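Summary of the model geometry
One-letter residues, chain by chain:
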Amino acid sequence: MNKIFEELVEIVKKYNPNSNFELITEAYLFAEKAHEGQLRASDEPFINHPLQVAKILAGLELNSKTIAAGILHDVIEDTDATYDMVKDKFGKEIAEMVDGVSKLSMINLDTKKEQQVENIRKMLLAMTKDIRVIIIKLSDRLHNMRTLEFVSEEKQKFKATETLEVYAPIAHRLGMSAFKWELEDLSFRYLHPTEYYDLVKQISLKRKEREIYIDEIKAEMESYFKDKNIKATVEGRVKHFLSIYNKMQKQDKSIDQVYDLFAVRVIVDNVKDCYSVLGIVHEIYKPMPGRFKDYISMPKNNRYQSLHTTVVGKKGQAFEVQIRTWDMHQIAEFGIAAHWKYKQGIKVEEDIESKLAWLRQLVEWQSDTSDAEEFYDTLKIDLFNDEVFVFTPNGDVKNLPSGSTPIDFAYSIHSAIGNKMIGAKINEKIEPLSYKLDNGDIVEIITSQSSKGPSRDWLKIVASSQAKSKIRQYFKKENREENIEKGKESVERELKRQGLSYNDIFKPKYYEPTIRKYNFANLEDAFCAIGYAGITANKVISRIKEEYRKDHADEIPAVQVVEEKKEENYSKNEKGIIVKEISNCLVKISKCCNPVPGDNIVGFVTRGRGVTVHRSDCINVINDKTYADRSIEVSWASNTDSSYNAEIIIKAYDRNNLLAEITNVINELKVAMRKVEAKASDDGIAIIKVMVEISDREELAKIIKKLKRISGIFEINRTNKRKST
């Protein structure tokens, strides 16, 4: 039996001797067989990874089904096992968790924006159905980060960036601080290794001295608590490396100048004792003004509760004290996962509804946003940003995203309040609607029944998705005809800017696929969405143009082959271009887009230079308003021995031997390279332009497919350059 599996069973036995060990064992045997022969980058059996993930879940004291799902989490994605096989063997609940985790594996911040956003949407939806999906995924990512040393440097940086930008913030939003801090510190280690190890060294130099000081503080506090008959556990710890490093960078300080390098945590039995301990701490040590936060009476959105105060010790060293109950401590460390502990049983479903209200609202607010960039920007505000706590005149607390305005506050109360607001008082003083709310502000919204409703300009200054969604809903419902008109005007204006004809582009066969893509019932709904800023005109037009180009090229008839020309800059054997109804015509292959056989092409009559041939999606053709007057039909000859130049742009994480590997792949394919240009940006991204000589588009596709297998390459595109003027 696998040693890691035996360790897993022992952990589960300690917190729940009555666990379904038969289920856990069956999951292990199924996964072991499915992953048979697979190895990790460390050369150890792959099965060790899902078992380690299950151990992390066991550390959260989760139930047998969740542990089993953790063991099985990679079988659908990485083996021949299917959803139905898992469902038949282990039931629908476990199969849904495993399937949910498999879908999350596609999250990738370096893919195209729309693909990235769709994957994040899937993740949010999976979380709303069963929060254990993301708990398993976070455990999976945590173990991968712990073993990141065995993969290449570029993959280390990629995974670390993704973890820091997506998974650590999600852990924070779910209140899982133990996961958040470890994920952040591991990311810091691989993204900034020099700074990380330097900081570790500096902190280690004074470790003994600091431990003695923390022990003195603990002993002093415990003595006072004992005298007051308060049962308390006192712990001391150094703050996490990334938070220390960020503070040093932000405040331009050395390690010796960071005053709250460590924190003391006091854990008690009830809320009353929390405030009693706070009073005692302030008696023993001098509190620093403005450094007290009461997260017990004003919990964070992720349900975090504690009292925070920064005090100055008797040796002049400042440190933070966190005071909480044992229940609060469980929530602080493990967040939403604490509500899935095995012993809470069936009550979990009822209790968790309120805890996940923010997530369900988030999914609802984002449902009207079709634009990928806007979705991601607003998601970052809701999911990743800090919060601000403000009060109603009656003393009720509202927590909003940092940067919120009185408009955000109004819509957080009710849509009707926001729609009728005409002004706001902040701390009894009239302030503009663009005022950025601060912690502790008392906000009073001024409304009027004669208000004409929200302004479209409000969308530019609000910070919360809730406010943006409700403002859009207002315009969507109240001013549909006006929105349709505004949307159509925006479309026509954008088409005019691009030199395109509305009648040519907006035909049902071209716009209907776009309407389906963005879930609009008809074209009017699309115009309406553009009118109330639910999606941009350019986004819709770009999609429709893709459909238009597909159909347009097929209508070009084939006629006579052009005779061979030998002039420089003109195609060898005329590059196999057929120009309708013209023989002996001078033909030039455009260097801005380098079309090759298989590409949809268009011809352009030039003065004294014959016909220039472009790809039909060339930006110079699209933006040239005189094109319609000078266009001529062209096509590829069916048989040609000609060769063509095609340029591709490769984007990759910069590393040693990258260029050598690229040229080796091209040489192996027996393809001639005509030009290579390479440069690296300050953020470690390499941009490499390669000109290759090929016979057709199919050969180019083979080259690109091979190149994409090179480690570190994340994007390859054909060039489409604008002409210089």
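Going along each chain's sequence as written, the residues are numbered from 1 onward. For a predicted model such as this one, the threshold for reporting local features is a pLDDT of at least 70, and the threshold for listing and counting side-chain atom pairs is 80 or more; totals across whole chains, interfaces and linings nevertheless cover every residue. Side-chain measures here rest on the full set of heavy atoms in the structure, leaving out hydrogens and waters.

Let's shift gears to the overall build of the protein. Strands here are runs of E lasting at least two residues and helices are runs of H or I lasting at least four, both read from the DSSP assignment and numbered beginning at the N terminus. Counting its regular elements, the protein contains 32 helices and 20 strands. In what follows, a contact means two residues having at least one pair of non-hydrogen atoms within 4.5 Å. Within the protein, contacts between residues separated by at least 24 positions form 66% of all contacts whose residues are at least 6 apart in sequence. Per element, the accessible surface of the protein, about 36000 Å² overall, is 46% carbon and sulfur. Surface exposure here means Shrake-Rupley accessible area, sampled with a 1.4 Å probe, where a residue is shielded only by the protein chains that are shown.

Criterion used throughout: strands pair if DSSP finds at least two bridges between them. Overall, antiparallel pairing links the four strands, which are arranged β18-β19-β17-β20 in an open sheet. The sheet terminates laterally at β18 (672–680) and β20 (713–718), the two strands that pair on one side only. On average, adjacent strands in this sheet sit at an angle of 20 degrees to one another, irrespective of strand direction. Two elements, strand β17 (residues 644–653) and β20, share five bridges in a ladder whose sense is antiparallel. Its bridge partner lying in β20, Ala652 is registered against Ile713. Axis geometry follows a simple rule: fit a line to the C-alpha atoms, using only the stretch in contact for helices, then measure angles between N-to-C directions, giving values from 0 to 180 degrees. The strands touched by helix α31 (residues 658–668) within the sheet are β17, β18, β19 (685–694) and β20, with β19 carrying the most contacts at an inclination of about 20 degrees.

Turning next to the packing of aromatic side chains. Side-chain rings of Phe, Tyr and Trp (the six-membered ring for Trp) are treated as a pair once their centres are within 6.5 Å; stacked means planes under 30 degrees apart, edge-to-face means over 60, and tilted covers the remaining angles. Within this structure, the stated rule accounts for 11 aromatic pairs. Each member of the aromatic cluster is reached from another via a ring pair, and the members are Phe188, Tyr196, Tyr197 and Phe241. Note that Lys180 overlies the ring of Trp181, its terminal NZ or CZ placed 3.8 Å from the centroid. In this analysis the charged atom, NZ for Lys or CZ for Arg, is taken to sit over a ring once it is within 6 Å of the ring centre and within 35 degrees of the ring normal.

What follows deals with the packing of helix α9 (residues 132–146) against helix α11 (residues 177–191). Running from N to C, α9 and α11 point in directions that differ by 35 degrees, and their axes come no closer than 10 Å. Crossing of α9 over α11 shows left-handed handedness. Counting all contacts with α9, which are made through Leu138, Ser139, Arg141, Leu142, Met145 and Arg146, the residues of α11 involved are Phe179, Glu182, Leu183, Leu186, Ser187 and Tyr190. For this classification, Asp, Glu, Lys and Arg are treated as charged, while Ala, Val, Leu, Ile, Met, Phe, Trp, Tyr, Cys and Pro are nonpolar and the rest, including Gly, are polar. Class assignment for the residues of the contact of α9 with α11 results in seven nonpolar, two polar and three charged. Crossings are assigned a handedness: left-handed for a near helix turned anticlockwise from the far helix by less than a right angle, right-handed for a clockwise turn.

So, about the nonpolar core. Leu8, Ile67, Ile71, Leu72, Val75, Ile94 and Leu138 are the most contacted members of the largest nonpolar core, which has 59 residues in total. With residues up to four places along the chain from it excluded, the contact list for Val75 reads Phe30, Ala31, Ala34, His35, Ala81, Val86 and Val98. Put simply, a nonpolar core is a bunch of buried Ala, Val, Leu, Ile, Met, Phe, Trp, Tyr and Cys residues held in one set by side-chain atoms that sit within 4.5 Å of each other. Under the scheme applied here, a residue whose accessible area is under 20% of the maximum for its type counts as buried, over 50% as exposed, and between as partly exposed, the area being computed with a 1.4 Å probe on protein chains only. Ala424, Val443, Tyr474 and Tyr511 belong to the second-largest nonpolar core, a separate cluster that totals 44 residues.

Within the fold, Val86 resides in helix α6 (residues 83–90). With 12 residues separating them in the primary sequence, Val86 and Val98 have C-alpha atoms 8.4 Å apart. Those residues in contact with Val86, other than ones at most four positions away along the chain, are Phe30, Leu72, Val75, Ile76, Gly91 and Ala95.

Note that His192 resides in the loop between α11 and α12 (193–205). When the C-alpha positions of His192 and Lys157 are compared, they lie 9.3 Å apart, and in sequence the two are 35 residues distant.

Right, let's get into the pattern of salt bridges. A side chain of one charge can pair with a side chain of the opposite charge when the charged atoms of the two come close. A side-chain nitrogen of Lys or Arg and a carboxyl oxygen of Asp or Glu constitute a salt bridge if their distance falls within 4 Å. The full count for this structure, using the stated rule, is 14 salt bridges. One salt bridge connects Lys55 with Glu7, and the closest N-O pair in it is separated by 2.8 Å. One end of the pair, Lys55, is in helix α3 (residues 48–59); the other, Glu7, is in helix α1 (residues 3–15), and 48 residues separate them in sequence. Linking Arg132 and Glu93 is a salt bridge whose minimum nitrogen-to-oxygen distance equals 2.7 Å. Remark: Glu93 occurs in helix α7 (residues 92–104) and Arg132 occurs in helix α9; sequence separation between them is 39 residues. Taking the relative accessible area as the measure of exposure, Arg132 reaches 2% and is therefore buried. Taking relative accessible area as the criterion, Glu93 reaches 33% and is therefore assigned partly exposed.

Cysteine sulfur pairs qualify as disulfides if the two atoms are within 2.5 Å. According to the stated counting rule, one finds zero disulfides in the structure shown. The thiol of Cys593 is not disulfide-bonded; the next cysteine sulfur, from Cys618, is found 3.9 Å away. Residue classification places Cys593 among the buried positions, given a relative accessible area of 0%.

Right, let's get into the packing of α1 against α3. Taken N-terminus to C-terminus, the directions of α1 and α3 make an angle of 15 degrees; their axes are 9 Å apart at the nearest point. Taken together, α1 and α3 sit at an angle that is classed as roughly parallel. Taken as a pair, α1 and α3 cross one another with a handedness that is left-handed. Across the interface between the two elements, Ile4, Phe5, Glu7, Leu8, Ile11, Val12 and Tyr15 of α1 pack against Asn48, Leu51, Gln52, Ala54, Lys55 and Ala58 of α3. Looking at the contact of α1 with α3 residue by residue, the class counts come to nine nonpolar, two polar and two charged. Roughly parallel means an angle under 35 degrees; roughly antiparallel, over 145; roughly perpendicular, 65 to 115; everything else is oblique.

Turning to the confidence of the model for the protein, a few remarks are in order. Confidence scores here are pLDDT values: one per residue, from the predictor, ranging 0 to 100. Of the residues in the protein, 81% have a pLDDT of 70 or more, and the chain-wide mean is 79. Mean pLDDT per element in the protein: helix α17 (residues 347–355) is the minimum at 46, and helix α2 (residues 21–34) is the maximum at 95. Counting contacts from residues 343–355, a segment whose pLDDT is below 50, to residues more than four positions away or on other chains yields 13 contacts.

In this section: the sheet that holds strand β12 (residues 587–589). Taken in spatial order, the four strands line up as β12-β14-β13-β15 in an open sheet, and their pairing is mixed. In this open sheet, the two strands that pair with only one neighbour each are β12 and β15 (631–632). For strand β13 (residues 601–605) and β15, the ladder comprises two bridges, and the chain directions are antiparallel. Residue Phe604 lies in a different strand from β15, and its bridge partner there is Ser631.

Another point: unusual backbone geometry. Positive phi is not limited to glycine here, since Glu61 has a value of about 60 degrees. Within the fold, Glu61 resides in the loop between α3 and α4 (64–72). Residue class for Glu61 comes out partly exposed when judged on its relative accessible area of 25%. Of note, Asn427 is a non-glycine position whose phi angle comes to about 55 degrees, a positive value. Relative to the helices and strands, Asn427 is located in the loop between β8 (421–426) and β9 (429–431). Classification of Asn427 by relative accessible area gives partly exposed; the value is 42%.

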